[in-house]
Amino acid sequence: MAGMTHIDPLVVFGSKLNTVNHPARYLGGEYGICVKSDEETRLTFAIAFPDLYEIAMSNSAVKIIYSGLNALSGVRCERVFAPDTDFEALLKAENVPLYTLESGIPLDETDVIGFSLGYELGLTGVFQILEAGRVPILKSERNEQSPLVIAGGCGVTNPMPFVDFFDAIFIGEAEAGLFELTKQLARAKESGAGRGRLLELLASHPSIWVEGKKAARAVWAAFGAEPSVPAFLPQPNIKPVQDHGVVEIMRGCPNGCRFCHAGIFYRPLRVKPIPQILEETDALAGQGGYTEISLTSLSSGDYPGIEALLDALDEKYAGRNISFQLPSLKVNSVTFPVLEKISRVRKSGLTFAVETPEEAWQMALNKEVYAAHLVELIMEAKRKGWSGAKFYFMIGLPVAKLPEGKTEEESIVDFMRSIQGKTRIQCSVTVGLFVPKPHTPYERCAQLLPDEAAAKFNYIRDRLPRGRFKVSASGGFTALLEGLVSRGGREAGRLFLEAFHRGCRLDAWDDRMREHLPIWQSILEETAWDWRPVLAEKTADEPLPWDTVSLGVSKAFLQREWECSLQGRLTPRCSPDCAAPCGVCSKTVKVSDIEQNYIQSNIQPHDINKNIPEKQSDDVYKIIPKMNIPVLWRCVFSFSKKNGGEFIPHLAMRELFQKAFNRSGIPVLYTAGFNPIPRLEFTGNLPIGIVSGDEIGSCVIDINYAEERFVTQMNESLPKGLQINKVFIFPVSNKRKRESLASSLWGSEYEARFYESPNEDVTAKLKEITHSFEQLDEQTYRVVMAFQSEKPFRDLLTVLCNKPYYLSAGLLKKKTLAILPDGCMGTYFDLYRIIAEINQDLM
């Protein structure tokens, strides 16, 4: 694949990157990226996520596909995400196509663009990525040189709204077919196959949907019996929405809630054995550097042996500041011992997905929430220090007949007033609007319109008093659009395309939806398509747009579950000896419980504790808090911010250093208290976009450490844009208060290179507010100034040149300067060698 274009955004855009929000979104260079050369690549696959970097880098599916494909010989997988509107405008202004983050490959030069689409409103993000990457949005306009554009995920199980845009749609789990299929595409391309032949190869797969063909969901039957694809690299350079390590402890859900699309999509229930979970947490804590790890599934509290798992994790990581969360808990599966176990290091929140408050309605949903148990749980939690709890409800659910004269909004208000009155806990209440999903027992139900939903939301908000309750509502118009794509046909996709052309983007974000609401409303009013029937109730014999897709459950099962819902009857949980088969299980695809997986792994379930991997050495588990140590060792280090590191925000940089210390094996000490963090400090907060060759940081460790080893291990653990230059390590005594770095900061030495030669008036005024302003050549100056003058210098430069300072001159920080004991300025290493001598005298 020699001769491909590679875009370097630092070169192409330069200082103009400062004109966009969070430019680090578009630079790559993260820790753990996989970069393959053109020469070793037969097929380039761009894994695309139709939302901003912070959302995309929180998505486990993206990382699973990224790691799984890059493990294949000859396949190069690189990431591309939706740009924000400011960067989209910059791409257009500079006539640059959207590119992949790893190698800067323009999208139109890739072979396959694969979208992970978990949410219907991501469709405008799909259009945004394709247009910015110069790939025709409509598949009918693509030619033999165009990449194949495919999609997968929970959001495309009704493929008809997407039919005009995607060449093919993968239905199911990537581990069960996508990797092998991509390998076949790479071989075919190497053998000379063109785009048409590759598309034929795709379409021949049983889990690939194309128009006119049926597709059946791919299910990874070996989940829990084989190692999972690592899903924690690369690590983002700016803080993502969810910044936890993730271990998927179960796939599928035993409960069978009738409104839940994910519960159908991920059937059957498959359970990961405890030893395998511990191996994955080892990788997250060691290679990943995480101190907060989520044990995820659709209902993590239902993991068989959840308390044994938490005990095993607590034993393995005792004293290492690693905390675990169970983000998805069914109320009746929660016990206080479980909550207490996951809060020993960091106290997590109390979150309860109630959905609907009346017991009869819960039975209709195939879900039970016992109010008495909930009250007992909250009261015990309060006694142990919890002060608040979150509650989630949905309105518009097709539940059993309402009690005489009572509405669902009245029932939610009464339920929450009762809970709060009995527990006196601070309550956060989130109310969402139910959107019927395809392939569920409620796929033919009506959906509330925005005006009806707004009246219910307002009722709840007005009657739950502020102070005791914090109420938020989600849904309304957003849910209407979600419903149109969930159950609509190709007309829904065309409506979204029109909205995109009129400027709608990133509408899953509330602020963007508020901004674009008039556009969406006018489109719905103007369209010739009658969209209202999509949201209306459907008859039992009415054909559905998604009838050509099978997720494995039978139509008879869905009808039976609908009838059970009307009668308020529960269906037994998903289990190996299922009493209510749904149709998913077969000779190869089966429910697996923890006992089955232990047997497959040659582990007996009664020997769980014997088979837990023993603790590794401290070189693997580094985070060891120690207190009252007579002699500590302080590490003062210099590091550079360049090659993209200059665009990493300060708080994100702190997070990156924290993970790097955790990975490196350097025994950094942690603070005590509610939320332990490394004892790490920096001299200051350098503005975004300024390159520095000498930033100063400091940490504390409890043993003497070779300085060369410190530098090597940290540089192996940091992203390429942050690199340690040198370190000075010296003993400090608890007999003397340690000096903060900031208390000794004098200022900095910069090299300022003007893009146009400044006139004498400009240089004279800049010289007035600096300690030294020395000309090196026609456009370059050496500038030394106190830290108090740095912001005024940048502001004055902006005023004098009549444009932002970063468009007037490039600033390179050469040195960070400290105040020495004699009042002179010097380097921090000069200062701390003096301090080290003072400490030595006290030892």
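Residues numbered from 1 in each chain as written. Predicted model: local features only at pLDDT ≥ 70, side-chain atom pairs only at ≥ 80, totals over all residues. Heavy atoms only, no water.

Counting its secondary structure elements, the protein contains 28 helices and 26 strands. Whereas a compact globule of 843 residues would reach a radius of gyration of roughly 28 Å, the protein reaches 29 Å, a difference of no more than 12%. In terms of principal-axis extent, the alpha carbons of the protein reach across some 85 × 60 × 60 Å. Classification of the 843 residues of the protein by burial places 58% in the buried group. (Helix = DSSP H or I, 4+ residues; strand = E, 2+ residues; numbered from the N terminus. Rg over C-alpha atoms; globule rule 2.2 N^0.38 Å. Buried < 20%, exposed > 50% of the residue type's maximum accessible area, 1.4 Å probe, protein only.)

Turning our eyes to something else, we now look at the confidence of the model for the protein. Confidence in the prediction for the protein averages 90 pLDDT; 93% of positions are at 70 or higher. Contacts for the low-pLDDT stretch residues 598-625, under 50 throughout, to residues beyond four places or in other chains number 58 contacts. (pLDDT = per-residue confidence, 0-100. Contact = heavy atoms within 4.5 Å.)

Our next topic: the nonpolar core. Across soluble globular proteins, nonpolar side chains have a tendency to be buried as a group. Residues Phe-87, Phe-115, Phe-166, Leu-481, Leu-484 and Trp-520 are the most contacted members of the largest nonpolar core, which totals 76 residues. Each residue touching Phe-166, except ones within four places of it in the same chain, is listed here: Phe-115, Leu-117, Val-126, Lys-139, Arg-142, Val-149, Ile-150 and Ala-151. Tyr-31, Leu-295, Leu-309 and Ile-322 belong to the second largest nonpolar core, which has 68 residues in total. (Core = buried A, V, L, I, M, F, W, Y, C linked by side-chain atoms within 4.5 Å.)

Once that is clear, we can look at the environment of Gly-503. With respect to the helices and strands, the residue Gly-503 is situated in the loop between helix H17 (490-501) and helix H18 (510-526). A relative accessible area of 28% places Gly-503 in the partly exposed class. Between the alpha carbons of Gly-503 and Tyr-459 there is a distance of 33 Å; along the sequence they are 44 residues apart.

Mapped onto the secondary structure, Thr-281 falls in helix H9 (residues 274-286). You can call Thr-281 buried: its relative accessible area is 0%. What Thr-281 contacts, discounting residues up to four positions off in sequence, is Val-247, Ile-293, Leu-313, Tyr-317 and Phe-324.

Right, let's talk about the side chain of Asn-255 for a bit. On the secondary structure map, Asn-255 appears in the loop between strand S9 (250-251) and helix H8 (261-265). Given the relative accessible area of 6%, Asn-255 is considered buried. A polar atom in the side chain of Asn-255 sits 3.4 Å from the side chain of Ser-299. The contact partners of Asn-255, leaving out residues within four places of it in the chain, are Ser-299, Asp-302, Lys-330, Asn-366 and Arg-573. (Polar contact = N/O pair within 3.5 Å; in protein donor to acceptor, adjacent residues only side chain to side chain.)

Before going further, it helps to spend a moment on the sheet that holds strand S14 (residues 388-395). Pairing within the open sheet is parallel, and its four strands lie in the order S13-S14-S15-S16. Edge positions in the sheet fall to strand S13 (350-355) and strand S16 (469-474), since each of these pairs with one other strand and no more. Across the sheet, the mean angle separating the axes of adjacent strands is 20 degrees when strand polarity is ignored. Relative to S14, helix H14 (residues 408-423) is tilted by about 165 degrees, and along the sheet it contacts S13, S14, strand S15 (426-433) and S16. (Pairing = 2+ DSSP bridges. Axes fitted to C-alpha atoms, helices over the stretch in contact; angles between N-to-C directions.)

Attention now goes to the pairing of strand S25 (residues 809-819). Bridging between strand S20 (residues 691-701) and S25 involves two bridges; their strand directions are parallel. Within the sheet, the bridge partner assigned to Ser-692 lies in S25 and is Lys-813. Note: strand S22 (residues 745-754) against S25, nine bridges, orientation antiparallel. Bridge assignment links Phe-754 to a residue of S25, and that residue is Ala-809. Here S25 pairs with strand S26 (residues 825-827) via three bridges, running antiparallel. Among the inter-strand pairings, Ala-818 is bridged to a residue of S26, identified as Gly-826. Linking two consecutive strands that pair antiparallel, namely S25 and S26, is a turn of five residues; a positive phi of about 90 degrees is found at Gly-823 within it.

With the rule as written, the count across this model stands at 51 salt bridges. For Glu-380, the salt bridge identified is with Arg-383, shortest N-O distance 2.9 Å. Taken together, the residues Glu-380 and Arg-383, both in helix H13 (residues 371-383) and three residues apart, mark about one turn of the helix. What makes Glu-380 partly exposed here is its relative accessible area of 23%. Among the residues examined, Arg-383 registers a relative accessible area of 58% and is labelled exposed. (Salt bridge = Lys/Arg side-chain N within 4 Å of Asp/Glu carboxyl O.)

The next point concerns the sheet that holds strand S12 (residues 323-325). Pairing in this open sheet of three strands is parallel, and the strands run S8-S11-S12 from one edge to the other. Of all the strands in the sheet, just strand S8 (245-248) and S12 have a single pairing partner and so form its edges. Neighbour-to-neighbour, the strand axes of the sheet open up by a mean angle of 25 degrees, direction not taken into account. Bridging between S8 and strand S11 (residues 292-296) involves four bridges; their strand directions are parallel. Within S11, the position partnered with Val-247 by the bridge is Leu-295.

This brings us to a positive patch on the surface. Taken together, Lys-382, Arg-417, Arg-424 and Arg-468 make up a surface patch of like positive charges. Considering the arrangement of structural elements, one finds Arg-417 in helix H14. Residue Arg-417 is classed as partly exposed on the basis of its relative accessible area of 40%. (Patch = residues over 30% accessible without salt bridge, like charges linked within 9 Å, V, L, I, M, F, W, Y side chains within 5 Å. Areas by Shrake-Rupley, 256 points an atom, 1.4 Å probe, with all protein chains shown as cover. Lys, Arg positive; Asp, Glu negative; His and termini not counted. Charge placed at Lys NZ, Arg CZ, Asp CG, Glu CD.)

Turning to the environment of Asp-84, a few remarks are in order. Note that Asp-84 resides in the loop between strand S2 (75-81) and helix H4 (85-93). On the accessibility criterion, Asp-84 (6% relative accessible area) is buried. In sequence terms Asp-84 and Asn-21 are 63 residues apart; their C-alpha atoms lie 8.2 Å from each other. Setting aside its immediate chain neighbours within four residues, Asp-84 contacts Arg-25, Tyr-26, Leu-52, Gln-128, Leu-506 and Arg-512.

The final tally for this structure, using the stated rule, is zero disulfides. You can see Cys-564 has no disulfide; the closest cysteine sulfur is in Cys-578, sitting 12 Å from it. (Disulfide = S-S within 2.5 Å.)

Let's shift gears to helix H23 (residues 650-664). Between its first and last C-alpha atoms H23 spans 21 Å; for 15 residues at 1.5 Å apiece the expected length is 21 Å, and the two agree. With respect to burial, H23 is a largely interior element, twelve of its 15 residues being buried. Along H23, the residues that are buried comprise His-650, Ala-652, Met-653, Leu-656, Phe-657, Gln-658, Lys-659, Ala-660, Phe-661, Asn-662, Arg-663 and Ser-664. Looking at the packing, one finds that the buried side of H23 touches H9, strand S18 (631-641), strand S19 (680-682), S20, helix H24 (707-717) and strand S21 (722-733). (Expected span 1.5 Å × (residues − 1).)

With that out of the way, let us pick up the packing of H23 against H24. Across the interface, H23 lies against H24 with an axial gap of 8 Å and an inter-helix angle of 120 degrees. Comparing the axis directions of H23 and H24 gives the class oblique. Where H23 crosses over H24, the handedness of that crossing is right-handed. Packed against H23, whose contacting residues are Phe-657, Ala-660, Phe-661, Arg-663 and Ser-664, the element H24 presents Phe-710, Gln-713, Met-714 and Ser-717 at the interface. Counted by class, the contact of H23 with H24 contains five nonpolar, three polar and one charged residues. (Parallel < 35°, antiparallel > 145°, perpendicular 65-115°, else oblique. Left-handed = near helix turned anticlockwise from the far one by under 90°. Nonpolar A, V, L, I, M, F, W, Y, C, P; charged D, E, K, R; others polar.)

Here we take up unusual backbone geometry. Following Leu-233, the chain continues to Pro-234 via a peptide bond in cis, the omega torsion being -5 degrees. As for its position among the elements, Pro-234 is in the loop between strand S7 (215-216) and S8. The omega torsion across Arg-267 and Pro-268 is 0 degrees, close enough to zero to call that bond cis. In this fold, Pro-268 is placed in the loop between H8 and strand S10 (270-271). Its identity as a non-glycine residue notwithstanding, Asn-95 has a phi of 55 degrees, on the positive side. Note on placement: Asn-95 falls in the loop between H4 and strand S3 (112-116).

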